[in-house]
Amino acid sequence: MKKKIIIGLLLVSVISVVSFKLFQNSTSNINPEVLTDLEGTIYFTERVDGVLTLFKSDANLQNKTLVYSHNGKGNDGLGDYNDNIIEFYYNQAEETVYFIAMDNGSWSLFSLRDGEETPTVMQKEVMEIETDYIQNKTENGTASSKKGSLYLLSEGNEKIIKKFHGLYDEKFTGYRPTGFSPDGQYLVYHSMEHATPLGTILKGMVEDSVGNTYVMDLSTLESAEYVDAHNIQWVEE
């Protein structure tokens, strides 16, 4: 019985590795220097010990800073805690970030000014606020995914900008657009990183998350690995 389990685990590992290698062999135009020319500041939520936490950094991923962690503060009123920040918005004019998190059993709206450490509860029973996350549609173009490949529609012309090579599955393989930079010159997108659905599923069995996020220079179609964030707001200086 133990021998069968070992063989099964080895088979799972082999399938996952082969799926990943097939995907790697079919990708190109990865260039970390794409990050060099990115301008502005990004605000984003990232999981820390399973909790969605708010950070900011330069758009080129330098100077990453914790904005606020609600860890240990999200009492749900039933003796448990939900410490996630589920929505956020940075108001540049007010130098204040607004976010939704749990407060004594109620999803509530908080505000936190630049330089402050303790947020202020503004309103109870709030589940949605105005946000300004990056979008896959701007005045200059629209990014979309078709059968796992990335397409860009601009001035009435549609072209493929990232071809997916593999067995496409809507949930488990392919590329998906996240949104454009404020100047429209860069596109953030997510890659499932596997050529087969089975490879992605097996990877998900041993990892907390699957895939990676990238940013693409639309003038060269070169990409660099980017922040693996749940939501991103890109602020111009």
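Residues numbered from 1 in each chain as written. Predicted model: local features only at pLDDT ≥ 70, side-chain atom pairs only at ≥ 80, totals over all residues. Heavy atoms only, no water.

Undergrad: I keep staring at the packing of aromatic side chains and nothing clicks. Help me out?
TA: Any aromatic ring pair is given by two values, namely how distant the centres are and how the planes are angled relative to each other. The full count for this structure, using the stated rule, is 10 aromatic pairs. Considering the side-chain rings of F164 and Y175, the 6.3 Å spacing of their centres and the 85 degrees angle between planes classify their relative orientation as edge-to-face. Residue F164 is located in the loop between strand 11 (157–162) and strand 12 (175–180), and its partner Y175 is located in strand 12; the two are separated by 11 residues in the primary sequence. For the pair formed by F164 and Y175, the shared burial category is buried. For the pair Y175 and Y189, a centre-to-centre distance of 5.8 Å together with 85 degrees between the ring planes defines the contact as edge-to-face. Of this pair, Y175 sits in strand 12 while Y189 sits in strand 13 (residues 186–191), and the two are 14 residues apart along the sequence. Here the aromatic cluster, defined as three or more aromatic residues joined through ring pairs, consists of F164, Y168, Y175, Y189 and Y214. Stacked on the ring of F55, the Lys or Arg K64 has its end atom at 4.7 Å from the ring centre. One cation-aromatic arrangement involves K146 over Y151; the distance from NZ or CZ to the ring centre is 5.2 Å. (Phe/Tyr/Trp six-rings, centres within 6.5 Å; stacked < 30°, edge-to-face > 60°. Helix = DSSP H or I, 4+ residues; strand = E, 2+ residues; numbered from the N terminus. Buried < 20%, exposed > 50% of the residue type's maximum accessible area, 1.4 Å probe, protein only. Lys NZ or Arg CZ within 6 Å of the ring centre and 35° of its normal.)

Undergrad: For this particular structure, what's the right way to read the environment of T142?
TA: The residue T142 is located in strand 9 (residues 141–146) in this model. In contact with T142, not counting residues within four places along its chain, are N136, K137, Y151, L152, L153 and F180. (Contact = heavy atoms within 4.5 Å.)

Undergrad: I'm lost on the nonpolar core in this one. Help?
TA: For soluble globular proteins, the rule of thumb is that nonpolar side chains tend to be buried together. Ranked by size, the top nonpolar core spans 17 residues in total, and within it L38, I42, V215, Y226, I232 and W234 carry the most contacts. Those elements that place two or more of their residues in this core are strand 1 (41–48), strand 13 and strand 16 (232–235). Beyond its immediate sequence surroundings of up to four residues, L38 is in contact with A59, N60, Y186, V215, Y226 and W234. Grouped together as the second largest cluster of nonpolar side chains are 13 residues, Y43, V97, Y133 and V235 included. (Core = buried A, V, L, I, M, F, W, Y, C linked by side-chain atoms within 4.5 Å.)

Undergrad: Would you take a moment to explain the sheet that holds strand 14 (residues 212–217) for this structure?
TA: Within a sheet, adjacent strands bond to each other through the backbone by hydrogen bonds, running parallel or antiparallel. Taken together, 4 strands build an open sheet; the order of strands is 12-13-14-15 and the sheet is antiparallel. Of all strands in the sheet, those bounded by a partner on one side alone are strand 12 and strand 15 (222–225). Across the sheet, the mean angle from the axis of one strand to that of its neighbour is 30 degrees, orientation sign disregarded. Bridge analysis of strand 13 against strand 14 gives 6 bridges, and the strand direction is antiparallel. When the sheet's bridge partners are listed, L187 is paired in strand 14 with M216. (Pairing = 2+ DSSP bridges. Axes fitted to C-alpha atoms, helices over the stretch in contact; angles between N-to-C directions.)

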